[in-house]
Amino acid sequence: MPTALIRFPDDDALAAACRSLAAGGLVGMPTETVYGLAADATSDAAVAKLYAAKGRPRFNPLIAHIRALDVAETQGLLSDDARRLARRFWPGPLTLVVPISQSTTVCSLARAGLTTLALRVPDHPVAQDLLDRWGVPLVAPSANPSGQLSPVSAEAVVAGLGDRIDLVLEGGAPRVGLESTIVDCTSDEPVMLRPGGLDRAELEAALGRPLKSASGDPNAPNAPGQLLRHYAPRASLRLSAKQKELGEGMLGFGTVDGDLNLSASGNLQEAAANLFAMLHSLDGMFDRIAVAPVPDQGLGEAINDRLKRAAAR
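A.B. asks: How should the pattern of salt bridges be read in this particular structure?
C.D. replies: Where charged atoms from two side chains of opposite charge come close, those side chains can pair. A complete count under the given rule lists 20 salt bridges for this structure. Salt-bridge contacts for R209 lead to D81; the nearest nitrogen and oxygen are separated by 2.6 Å. Residue R209 is located in the loop between α7 (200–207) and β11 (212–213), and its partner D81 is located in helix α4 (residues 80–89); the two are separated by 128 residues in the primary sequence. Residue classification places R209 among the partly exposed positions, given a relative accessible area of 26%. Here E245 makes a salt bridge to R238, at a shortest N to O gap of 4.0 Å. According to the relative accessible area criterion, E245 is partly exposed, its value standing at 43%. One network of salt bridges, in which partners are shared, links D81, R84, E189 and R209.

Structural data, given as structure tokens:
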């Protein structure tokens, strides 16, 4: 594994990352959710290189990462609901889908040709430093081959993408461990397109009303994370298992124990932070993985979304 690609995020490493981005290159970037694969969001050539490196379908749009709300106002048309959510939860694990503005600089390829744009302000000091230095939006989908488990360490980025990237900025284990929650704010009724690291209840409390749930076509996504099979390990998954069968690894939760346990105390925040790291570990040891039931409430909604997509065949 070429660990020389991993750089401590000092001034020299951040400058090197900006030079790579300016040359149309790809940089592994830590965020509070998972590690992202950063590229210049304003460059069709850089975004095309990113799609190729990940093997990601070009009809699957990307999230533009920006440094602050004032940048969002130049890139998209934010409704009152969008501004309310942005002011409450940015920086943080929330992506807002909004109509593009006439002044947007995010290229058409990053948007998959759509007239909407997904925007997020990440809550990680390394990501914020890089965005401040770079100065324009960065697309940064999970830094892994398309459809596979999202990386929660710099080493996992290198193992998955190897010589397809220029460098990875070390940022430690992500605090959240699940991708961002995505909310569509293109109409008068906000819609949750993807559950994620921000609880539905918190969003609904900020809005003062319930969020609608998405019912889109996985073959024509209007935001990331909507493909039927996604976030998948090499091993097959069996969900809602109370015990493992012969030859299986077991991912436990609460009192249903296993080879690894997402949270012995039943804490959903701890489970979310452990999900991808533990799936990575079991995937290296077993061809089949049984997964204990996880309550479908709070962050459990996002955990179960990832598990169902990972189990799809």
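A.B. asks: Can you help me understand the sheet that holds strand β9 (residues 181–184) in this one?
C.D. replies: Here 11 strands make up an open sheet; going across it, the order is β1-β8-β2-β3-β7-β4-β6-β5-β9-β10-β11 and the pairing mixed. Looking at strand neighbours, the two that pair on one side only are β1 (6–7) and β11, the edges of this open sheet. Pairing of strand β5 (residues 94–99) with strand β6 (residues 116–120) involves four bridges; the strand directions are antiparallel. From the neighbouring strand, P99 faces β6, where its bridge partner is T116. Where helix α1 (residues 11–22) meets the sheet, it contacts β1, β2 (27–29), β3 (36–40), β7 (138–139) and β8 (167–169), and its direction lies at approximately 135° from that of β8.

A.B. asks: Sorry, what's going on with the side chain of E32 here?
C.D. replies: Mapped onto the elements of the fold, E32 is located in the loop between β2 and β3. Engagement of the side chain of E32 in a polar contact is seen with the side chain of R120, the distance being 2.7 Å. Looking at E32, its side chain comes within polar contact range of the main-chain nitrogen of D123, at 2.9 Å. With near-sequence residues (within four places) excluded, E32 lies in contact with G92, P93, R120, P122, D123, H124, P174, R175, V176 and G177.

A.B. asks: What's the story with the nonpolar core in this structure? I'm lost.
C.D. replies: The nonpolar side chains of soluble globular proteins are, as a tendency, buried together. Judged by nonpolar contacts, the single largest core of 49 residues is most densely connected at L85, W90, L94, L96 and L203. If you list the elements that add at least two residues to this core, you get β3, α2 (44–54), α3 (69–75), α4, β5, β6, α6 (154–161) and α7. Among residues more than four places away in sequence, those in contact with L94 are L85, F89, L119, R120, S180, T181, V183, L198 and L203. Ranked by size, the runner-up nonpolar core spans 32 residues in total, among them A272, M278, I289 and L299.

Analysis parameters
Residues numbered from 1 in each chain as written. Predicted model: local features only at pLDDT ≥ 70, side-chain atom pairs only at ≥ 80, totals over all residues. Heavy atoms only, no water. Salt bridge = Lys/Arg side-chain N within 4 Å of Asp/Glu carboxyl O. Helix = DSSP H or I, 4+ residues; strand = E, 2+ residues; numbered from the N terminus. Buried < 20%, exposed > 50% of the residue type's maximum accessible area, 1.4 Å probe, protein only. Pairing = 2+ DSSP bridges. Contact = heavy atoms within 4.5 Å. Axes fitted to C-alpha atoms, helices over the stretch in contact; angles between N-to-C directions. Polar contact = N/O pair within 3.5 Å; in protein donor to acceptor, adjacent residues only side chain to side chain. Core = buried A, V, L, I, M, F, W, Y, C linked by side-chain atoms within 4.5 Å.

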